[in-house]
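# Commentary on secondary and tertiary structure
Chain by chain, the residues:
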Amino acid sequence: MTVSGRESRAGLLFLLPWVVGFLAFTAGPMLFSLWLSLTHYDMLKPPAFVGLENYREALADDRVGTALWNTVFFTALHVPSQIVLALGLAGLLRRAGRGSGFFRTVLYLPVMTPPVALAAMFLLLLNGQNGAVNAFLGWFGFQGPNWTTDPAWIKPGLVVMSLWTVGSTAVLYLAALTRVPLERYEAARLDGASPWRQFRHVTLPGISGTVYFTVVVNTIASLQVFTEAYAMFFGARAKASAEGDAALFYVIHLFQEAFGSLRMGYASALAWGLFAVIAVITVVQVRLSRRYVHYEGDRS
Amino acid sequence: MRGLRLTAVLGVSALLAAGCGGLGSDHSDALVTMGFGLPDEHATARVAVFREANPGVDLRISEGALDEQQFLSAVAAGDPPDLVYAERRKLGGYAARGAVQSLDACVREHGVDLGLFREAALRQVTYRGEVYGLPEFSSVRLMIVNNPVVRAAGLDPAALSTSDWAGMGEVADRLARVGGGRVERIGFDPKVPEFLPLWAKANGAELIGPGARLDDPRVVEAVRHTTDLVARQGGWASFKAFRDTFDQFGANNQYVTGQLAAMPMDSWYLNTLATNSPDADVTIAPFTDRNGQVLTESGGQAWAIPKGARHPEVACRFLVTMTDTQTWVTAATARRDALAEAGRPYGGTFTANRAADERIFREVFAPLGNPILAEGVPVALSLQDQAFALPPSPAASELVRAWEGAVNRVLVGQQEPGEAMAQAQREAERALKRVGGR
């Protein structure tokens, strides 16, 4: 047996637990949900095959359109905000000097907050009449909006809330920034490059791999936004909530159909619809990455 | 080494004994409930009555509000609790889906006199002629008016009426305080979308039942009337944000702080108000329809036995005991005594069992001179037998979601009332078609 053969066998053995887990806990349920998407199934009676009816209904469902629009709108606001703020904070952290360890910890701590607790806290902070956020804006002469009750401000309010966990992206950028060789900045300065041009032509290409990764991961996470929005607008206060449609995200609609109306077949079709949307967006991102993302040692 | 082996055996045994299944799998001999808690003597004293009469039963109260998804998933997985405690209006849907069992045999075997239960409550748990649940508490909806605020506006609290829809807007304007995009006081809160069935009925329309349509012009008019009231008091965004700041269950509630002038409310709030702010100066009056007739909606919970329950006979004994007249009186007495120890009044217990209520308010009721209870309890009691209730529907959850969603769209200015209710009707028809009911 050659060394490479032993290595590949060892590699396969190391992969085996993941492969078994993937087949049993991911691929299996996915195939089952694909089958369910072609049926009517309320969990109490056996599934009844209906062909593509669920997919046809999803295309005609007003709430699917609303939910998809809300989700895409939230993603378009959330991902750039998260990246810009994380990058800014990472830049500050890099200059923190001896206290950087402390500030890194402080920045990352909010990520540990349970999502439901976060939602409950932000319901108070974002209250349009006496919330702390509007009180803060009031110090500068601004009258803040009704973040939690005005449909036009609900998604921006949720984006503000989502920035609470910006620390997870910021620490990735901090790691990436420290890997950009200082000689490149020195060379750029010698060539008379302004700070903006240094950022544009040295920093961004140097961390483009990390930016690409966070764009893809944050986009996928945003398209699946659920917990905080559900806790704020569809949980115990759902009966009294009139903001539902403005915060009706795709996965919330899917959840309501699956577990509220027990329409597992229809919900499965919705899940595959979201899978298709995410797949298309990710493919576009991968294509664009070939043009804009640079890796160390990349000869292309 | 031997000790290590023994520890390992004990550890594995403990894990096996603990099991890892669902609600009932690890307690095959236990009687398991879902959706019920033990917050006060109303619950603990009645459970004690059952335990005393059934010492051999291992009763497990799985505390917390009913999680509908958890419940239905447990039934679907063949691992349901033995009893479920649910909102009455949802039981029709559970019955139609086969998630709960008929209680006809249970009622017959235990000689339960269904005539003792209030008609509206019993109707809600009856589906296609069979009883699927035994009703528990029963609340009605009535008006609670903040006297100082109304008098300060030059109005008579006793004359405040929900009959004159044309004049209500002007009254709300006088009572509300709105300025610079901020609401400082709500004049009249119509409590929509939750109270839409009451407003629709006040205009002569039903939301559920044969011939009922959500796009009925009378329903549309009720939606327009109530949403207009909100719109003229600052608009929904400010109105709701302000309402969210109420300390509804505290001593600084909206009546004490003057944040609210009037609203229709569930009768259980009388006890909350009397306990937290006994000196609040309020008028309690019936809600009236457009003809000036007294109108109220009944709501509450019921006990039911899920399909596939492991111990239906014991579960039957439990729900019969929990809703029995004497059990209620025992619980009411325990509640009164506990409140008396804290120096608080007891405002009675509103149940769906007419005989229990008669005894409780004759033998146990102890308002201790509290003016809110002295005035409010007779009003609530007088309304109990006049109440209507939403009839059972196999698509109850979907119907409620359809009309509440429609009112919400109007409140936020997305749609006009007619358009919103037409959409709600289409959604309701689709839901009813799916479940094959009406």
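Above this text is the structure in question.
Below or above, wherever it landed, is the structure these notes cover. The model shown is predicted, which means the values in this text are computed figures rather than measured ones. (Residues numbered from 1 in each chain as written. Chains lettered and ligands numbered in written order. Predicted model: local features only at pLDDT ≥ 70, side-chain atom pairs only at ≥ 80, totals over all residues. Heavy atoms only, no water.)

### Observations concerning the state of the cysteines
All names here are of chain B. Counted by the stated rule, this structure contains one disulfide over all chains. Paired through a disulfide, Cys106 and Cys316 show a sulfur-sulfur distance of 1.9 Å. As the torsion about the S-S bond is roughly 90°, the Cys106-Cys316 disulfide counts as right-handed. Note that Cys106 is positioned in helix H5 (residues 104–109) and Cys316 in helix H14 (residues 312–322), a separation of 210 residues in sequence. A relative accessible area of 8% means that Cys106 is categorised as buried. The exposure class of Cys316 is buried, given its relative accessible area of 3%. (Disulfide = S-S within 2.5 Å. Helix = DSSP H or I, 4+ residues; strand = E, 2+ residues; numbered from the N terminus. Buried < 20%, exposed > 50% of the residue type's maximum accessible area, 1.4 Å probe, protein only.)

### Re the pairing of strand E7 (residues 141–146) of chain B
Moving residue by residue along a regular strand, the side chains alternate between the two faces of the sheet. Residue and element names in this part refer to chain B. For E7, the buried fraction is high: six of the six residues fall into the buried class. By the alternation rule, side chains of E7 split into Arg141, Met143 and Val145 and Leu142, Ile144 and Asn146, which are all buried. Bridge analysis of E7 against strand E11 (residues 282–286) gives five bridges, and the strand direction is antiparallel. Its bridge partner being in E11, Ile144 is matched across the sheet by Ile284. (Pairing = 2+ DSSP bridges.)

### Let's talk about the interface of chain B and chain A
Residue-level contacts link 35 residues of chain B with 27 residues of chain A. Surface buried jointly by chain B and chain A totals about 2900 Å² across both partners, of which 46% is contributed by carbon and sulfur atoms. Summed over the three residues of chain B that lose the most area to chain A, namely Gln69, Arg97 and Arg401 of chain B, the buried surface amounts to 20% of that side. For the pair chain B and chain A, the interface holds one salt bridge. The shortest N-O distance in the salt bridge between Asp245 of chain A and Arg409 of chain B comes to 4.0 Å. For the interface between chain B and chain A, the tally reads five residue pairs in polar contact (both at pLDDT 80 or more). Secondary-structure elements contributing two or more residues to the side of chain B that touches chain A are helix H3 (68–76), strand E9 (182–188), helix H11 (236–243), helix H18 (396–411) and helix H19 (417–435) of chain B. Among the elements that line the side of chain B that touches chain A, the one with the most residues is H11 of chain B, at seven residues. Counted by class, the side of chain B that touches chain A contains 12 nonpolar, nine polar and 14 charged residues. (Contact = heavy atoms within 4.5 Å. Buried area = accessible area lost by both parts, 1.4 Å probe. Salt bridge = Lys/Arg side-chain N within 4 Å of Asp/Glu carboxyl O. Polar contact = N/O pair within 3.5 Å; in protein donor to acceptor, adjacent residues only side chain to side chain. Nonpolar A, V, L, I, M, F, W, Y, C, P; charged D, E, K, R; others polar.)

### Here we look at H14 of chain B
Of all 11 residues in H14 of chain B, eight are buried, a share of seventy percent or more. What H14 of chain B keeps buried is the set Val314, Ala315, Cys316, Phe318, Leu319, Val320, Thr321 and Met322 of chain B.

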